[in-house]
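# Chain and residue survey
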Amino acid sequence: MGTATFTDGTFAFPITGGNVDYYGPDSDVRPYVQGEIDHDGSGISLTAADGTVVELTDFRIDPGESKLYGTVTANGAVAAEDAYLFNLWGGTLKPIQMEGSNAVLEGTTVHISPDAASLLNQTFKTDAVQDEMLVGVAKITAATE
């Protein structure tokens, strides 16, 4: 949705704002990635066989909490704003890499939050969405200049 793309099985959500400090796994600072990353104006849409549509948009990542929040819309009506959608587990996060003037952080696994699992199961009348279900692996590419 919006400015998001889906290519070869990968979702991409443009960074629209925020600020992050990276201290690195070798530092004494924990969590070693702190700040906020915003993805306003993009998201994903989920449609059930009965036509029910759930949109997850305007993501806000808090790496210090290891959580991703967003707006949830069900059949065109806002169901929740700044809802806790995904848990981010950084235990597999690779050290920061540079690609030209871009900083790249990759390896954090993305899991359905308990709140999102409950809301999606209720909305789609199912029990298929499990708390902490693995969704994928995050890769953040941010301009440093």
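Here, the structure is the one placed above.
These lines cover the structure that appears in this document, whether it is placed above or below. (Residues numbered from 1 in each chain as written. Predicted model: local features only at pLDDT ≥ 70, side-chain atom pairs only at ≥ 80, totals over all residues. Heavy atoms only, no water.)

## Some remarks on unusual backbone geometry
Which entries qualify depends on this criterion: The secondary structure listing takes helices from DSSP runs of H or I that are at least 4 residues long and strands from runs of E that are at least 2 residues long, numbered from the N terminus. Note on classification: 1.4 Å probe, protein chains only; a residue is buried when its accessible area is under 20% of the maximum for its type, exposed when over 50%, partly exposed between these limits.
Going from Arg30 to Pro31, the amide bond is cis rather than trans, its omega being -15°. Checked against the element boundaries, Pro31 lands in the loop between β3 (17–22) and β4 (33–47). With a phi close to 50°, Asp8 is a non-glycine residue in the positive phi region. Looking at the secondary structure, you find Asp8 in the loop between β1 (5–7) and β2 (10–12). Relative accessible area serves as the criterion here: at 77%, Asp8 is assigned to the exposed category. Unusually for a residue other than glycine, Asn75 sits at a positive phi of about 50°. Since its relative accessible area comes to 53%, Asn75 is described here as exposed.

## What about the pattern of salt bridges?
Defined as follows: The term salt bridge refers to a side-chain nitrogen of Lys or Arg lying within 4 Å of a carboxyl oxygen of Asp or Glu.
Tallied over the entire structure, the rule returns two salt bridges. Arg60 is paired through a salt bridge with Glu36; the nearest N and O atoms lie 3.9 Å apart. Residue Arg60 is found in strand β5 (residues 53–62), and its partner Glu36 is found in strand β4; the two are separated by 24 residues along the sequence. We note a salt bridge from Asp82 to Arg60, for which the minimum N-O separation is 3.1 Å. Pair noted here: Asp82 is in strand β7 (residues 77–89) and Arg60 is in strand β5, with a separation of 22 residues, a long-range link. Each member of the salt-bridge network shares a partner with another, and the members are Glu36, Arg60 and Asp82.

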